Structure formats: C-alpha cells, structure tokens
Amino acid sequence: MSVRTLPLLFLNLGGEMLYILDQRLRAQNIPGDKARKVLNDIISTMFNRKFMEELFKPQELYSKKALRTVYERLAHASIMKLNQASMDKLYDLMTMAFKYQVLLCPRPKDVLLVTFNHLDTIKGFIRDSPTILQQVDETLRQLTEIYGGLSAGEFQLIRQTLLIFFQDLHIRVSMFLKDKVQNNNGRFVLPVSGPVPWGTEVPGLIRMFNNKGEEVKRIEFKHGGNYVPAPKEGSFELYGDRVLKLGTNMYSVNQPVETHVSGSSKNLASWTQESIAPNPLAKEELNFLARLMGGMEIKKPSGPEPGFRLNLFTTDEEEEQAALTRPEELSYEVINIQATQDQQRSEELARIMGEFEITEQPRLSTSKGDDLLAMMDEL
C-alpha cells in the first residue's frame, strides 16, 4: 500500500463531485449567482491550506465510509443540501468515474495527469475568484513537487492501492452502459485500441538477443488490437497540454446520468462484511476524520440567504423511490466500527462538527447518520 495515494484519490473524487454538482445545478435551473456560490464555497473549503496540509501528509487509505463522510460534509459546505438518496448517488457516480479513469490510464504515472485535468477544469469554475484560484494553483504546485520525482515503481504502487480501494465497486452507470464501456454486471470493458503508453512501442514484435546483447532474431505476431504510438507525453507543468483526456468533464453536455446497484450477491456480501466486521483501524479512522474535517474550517454563511435542496434524480419521486429501494447492505448511514469511545476525541469531533451546522436553515434530512457524533453513539 502506498502512503502517497490519499491526495490523488481525494482530489480526483472531489473533481468528479464538482462536475456532477455543476451539471445538476444547471439541469435544475438554479440561478447563476447561487450556483456560483455553491461551487465557490465547496472549492474554497476543499482547497483550504490547512486541509491540504493534512491531506498531503503520508498516510494509508481508510475505508470508503470514512472518506464518504468527508465528502458529505464537503458537499454541505454551502447553502445547498442533499438528502441521503442523492448523496448516495453522488458518491456512486464519483467513485465509478474515477475507477474507470484509473483502469484506462495507459501507464501508472498518468494518474497524475488525470489529477491535473480535474484541477484544470475546477479552475474554470472559479475563474472570477482569484483568491480561490490561488488555492488551487498552490495545490498543483504541491502535486508537482511531491509526485514529480516519484519513480515508475512508486506510481505503480499508487495505482495498485487505488485499484484495491475500488475493486469491490461494480455500480452500473447509464452513461457508461450507453457507451458500451461497462457491462451489465458493472464491470468495465477495457479497450484494445488507441495510443500505447508514452515511451513504449506498438505491440507485435518480439526481439531475441544473445548473451552479448546483440539482436539475433525478430518474430512478428498478431496482437489482435488496433494500437498506435503515443503522439507525445502530457505536460506535468502548472500550465500545459495534458494530452490525456481522462479526468476532463464528461458532464459538460447536459444529460441525466443514472446509477444502478449491481445485483451480484458477492458484491452485496462484501459490503455487508465491511459494515459488520470489526475494523482494526477504527480509532485511527476517527482520528483521520477529525484531522481532515478540522482542517476544512467551514465558514458559516453570512446574511439571510436561503438554502436550497439539490436533487440528483430527474424527479423528487425518483429520489424518494431510490431511498426506499436501496439495499440496506449498501447503506452509508452508520460507520459500524468496534472501538472504545475516546472522550477527548469526542469533544474535538463535537467542536469540529459544530462548525458544519448552518444556522437559520432547517435540516432536510433527519437520518441518524447525519451527524458524526450520532455515528459515534452507534459504536
């Protein structure tokens, strides 16, 4: 497991979250000033300096549920609210989109280009906010400084860590199904065509060498694909042509995107096991949540500006139906972990979670998992 994976995972999932929210804000005809405020508030919180400092510290990945809690608080960092079903769908779309991008990366190092694509597009959302732009540029500089000198082997370990994180997720996405890049069982279809990784040759030739290193024989073979050489390497600079298109905004065209949980019993069983099995890193996960969310420094909205609810489904009826029919095994409401409750940590989390509360706004969800302290009470 690589201890340098968390920043790449968080930033790419966060980029996908912003793409989806932007698409839904436009689809629901939310006024432009409110939509910009939502995106600006979330991006400002996401790229907060203290938050980034905690994020970039070498550390192992934690559970999907722990990370989801961070994204839930991040999504509610502004005047927008999501109920449980819409938050479930948002997280499903985020994770499946990035999983697809990791699988399609021509070489492990290209996951960094995918991250740069996400950050480049995010900068387009906040082009009129120079202060927030500076925050994103600083994160890009940190990425270049920390990851620019890593070896191919270290990037391979990062890629393996990401794939282990995603390996049990097989949620069908309508856009992927329509484009025939995902099968009905939720597994992705890997292409056998297109550019090969930068620095490699098109397959089809075997070279044989003697003990002196001299080429003595060549054998050609049919590889069954339609590969072409890579045109050039993508730029890892602050500004430049990334070449790779993975990680760009696939929701730029306004279209509904649905998710469907795979009916695989194996998949459901794996989620059930994760929900009930004792987690040996339970206390570390609480510490992780406290550190990350403590660094977010959520700013309470000023003024009487009313909030609004965003629906990731086409209609309210679809959202209500999704909430009723979602399998209990896939519920994210409670993090079931076995750990002795730590009073000092509870007080710290209470202080942090209090900063997430938006005054003068009625809460639209009364789910018992709506508050991290409620989650801890379930231990």
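Here the structure is shown first, and the text comes after it.
What you see is a predicted model, and the numbers here were worked out from it, not measured in a lab. Every chain is numbered on its own, with residues counted from 1 as its sequence reads. The predicted nature of this model means local features are confined to residues of pLDDT at least 70 and side-chain atom pairs, given and counted, to a pLDDT of 80 or more, with totals for whole chains, interfaces and linings taken over all residues. To get the side-chain values, all heavy atoms of the structure are used, and hydrogens and water are removed first.

(A) View of the overall build of the protein. The way it works is that DSSP assigns letters per residue, a run of H or I at least four long becomes a helix, a run of E at least two long becomes a strand, and they are numbered from the N terminus. Scanning the protein from N- to C-terminus turns up 14 helices and eight strands. The buried share of the protein, reckoned over its 379 residues, is 49%. Carbon together with sulfur atoms contributes 51% to the accessible area of the protein, which is approximately 18,300 Å² in total. With a 1.4 Å probe rolled over the protein chains alone, any residue whose accessible area is under 20% of its type maximum counts as buried; one over 50% counts as exposed, and the rest are partly exposed. Residue burial considers only the protein chains on display, and all accessible areas are found by Shrake-Rupley using a 1.4 Å probe.

(B) Quick look at the pattern of salt bridges. We define a salt bridge as a side-chain nitrogen of Lys or Arg found within 4 Å of a carboxyl oxygen belonging to Asp or Glu. Applying the stated rule across the entire model yields 15 salt bridges. Salt-bridge contacts for Glu72 lead to Arg68; the nearest nitrogen and oxygen are separated by 3.0 Å. Within this pair, Glu72 and its partner Arg68 are both found in helix H4 (residues 64–75), separated by four residues, close to a single helical turn. Take Glu72 and Arg68: they sit in the same class, and that class is buried. In this structure, Arg207 engages Glu215 in a salt bridge whose closest nitrogen and oxygen atoms are separated by 3.8 Å. With relative accessibility at 35%, the residue Glu215 sits in the partly exposed group. Through salt bridges with shared partners, a single network forms among Glu201, Arg207, Glu215 and Arg218.

(C) Examining helix H1 (residues 6–27) more closely. Each helix should span, by expectation, one fewer than its residue count multiplied by 1.5 Å. Compared with the 32 Å implied by 1.5 Å per residue over 22 residues, the 31 Å span of H1 between its first and last C-alpha is a close match. Count one or two residues on from H1 and you reach Asn29, which has phi positive near 55°.

(D) Quick peek at the pairing of strand E4 (residues 205–209). Two strands qualify as a pair provided DSSP detects at least 2 bridges between them. In this structure, E4 lies alongside strand E5 (residues 215–220), joined through five bridges in antiparallel fashion. Opposite Arg207, over in E5, you have Arg218 as the bridge partner.

(E) Highlighting H4. Between its terminal C-alpha atoms H4 stretches 16 Å, which fits the 16 Å expected from 12 residues at 1.5 Å a residue. In terms of residue burial, H4 counts as a mostly covered element, since 12 of its 12 residues are buried. Inspection of H4 places Lys64, Lys65, Ala66, Leu67, Arg68, Thr69, Val70, Tyr71, Glu72, Arg73, Leu74 and Ala75 among the buried residues, and these make up the whole buried set.

(F) Summary view of the nonpolar core. Judged by nonpolar contacts, the single largest core of 78 residues is most densely connected at Phe10 and Tyr71. For this core, the element with the most residues is H1, which contributes 12 residues. By definition in these notes, contact holds between two residues if any of their heavy atoms fall within 4.5 Å. Residues within four places of Tyr71 in sequence aside, it is in contact with Leu9, Phe10, Leu13, Gly14, Met17, Met87, Tyr91 and Met94. Residues grouped as a nonpolar core are buried Ala, Val, Leu, Ile, Met, Phe, Trp, Tyr and Cys residues, joined through side-chain atoms within 4.5 Å.

(G) The arrangement of the packing of H1 against helix H5 (residues 84–104) in detail. Axis lines are fitted to C-alpha atoms, over the contacting stretch for helices. Their N-to-C directions set the angle, which ranges from 0 to 180 degrees. Close contact between H1 and H5 brings their axes to 9 Å; oriented N to C, the two are set at 125°. One finds that H1 runs oblique with respect to H5. Pair H1 / H5 crosses with right-handed handedness. For the pair H1 and H5, the contacting residues are Leu8, Leu9, Asn12, Leu13, Glu16, Met17, Ile20 and Leu21 in the first and Leu90, Leu93, Met94, Thr95, Ala97, Phe98 and Gln101 in the second. Gly is put with the polar residues, along with every residue not named as nonpolar or charged; the nonpolar set is Ala, Val, Leu, Ile, Met, Phe, Trp, Tyr, Cys and Pro, and the charged set is Asp, Glu, Lys and Arg. A class-by-class count of the residues in the contact of H1 with H5 yields 11 nonpolar, three polar and one charged. Every angle not falling under 35 degrees, over 145, or within 65 to 115 is termed oblique; those three ranges are roughly parallel, roughly antiparallel and roughly perpendicular. Definitions for this section: a left-handed crossing has its near helix turned counterclockwise from the far helix by less than a right angle. A right-handed crossing has that turn clockwise.

(H) Region of the structure containing the packing of aromatic side chains. Aromatic contacts are taken between Phe, Tyr and Trp rings whose centres are within 6.5 Å, Trp giving its six-membered ring; a plane angle under 30 degrees counts as stacked, one over 60 as edge-to-face, and the others as tilted. Within this structure, the stated rule accounts for 10 aromatic pairs. Members of the aromatic cluster, joined through ring pairs, are Phe10, Phe51, Tyr71 and Tyr91. Note on criteria: charge over ring means Lys NZ or Arg CZ within 6 Å of the ring centre, with the direction from the centre no more than 35 degrees off the ring normal. Above the plane of the ring of Phe165 lies Lys64, whose end atom (NZ or CZ) is 5.3 Å from the centre.

(I) Structural view of the side chain of Asn40. Residue placement: Asn40 occurs in helix H2 (residues 32–46). Accessibility expressed as a relative area gives 18% for Asn40, which makes it buried.

(J) Region of the structure containing the environment of Thr5. The topology assignment puts Thr5 in the segment before H1. By relative accessible area, which is 0% here, Thr5 ends up buried. Each C-alpha atom of the pair Thr5 and Gln160 lies 9.7 Å from the other, and the pair is 155 residues apart in sequence. Residues contacting Thr5, with those up to four places away along its chain left out, are Leu61, Ile158, Thr161 and Leu162. By the criterion applied in these results, polar contacts are pairs of N or O atoms within 3.5 Å in which, for protein atoms, one can donate a hydrogen and the other can accept it, and in which residues neighboring in sequence qualify only through two side-chain atoms. A distance of 3.3 Å separates the side chain of Thr5 from the backbone oxygen of Ser2, its partner in a polar contact.

(K) Fine view of the pairing of E5. Among the six residues in E5, zero count as buried, and that is only a small part of the element. Where E4 folds back on E5, the antiparallel hairpin that results is connected by five residues, among which Gly213 adopts a positive phi of roughly 85°.

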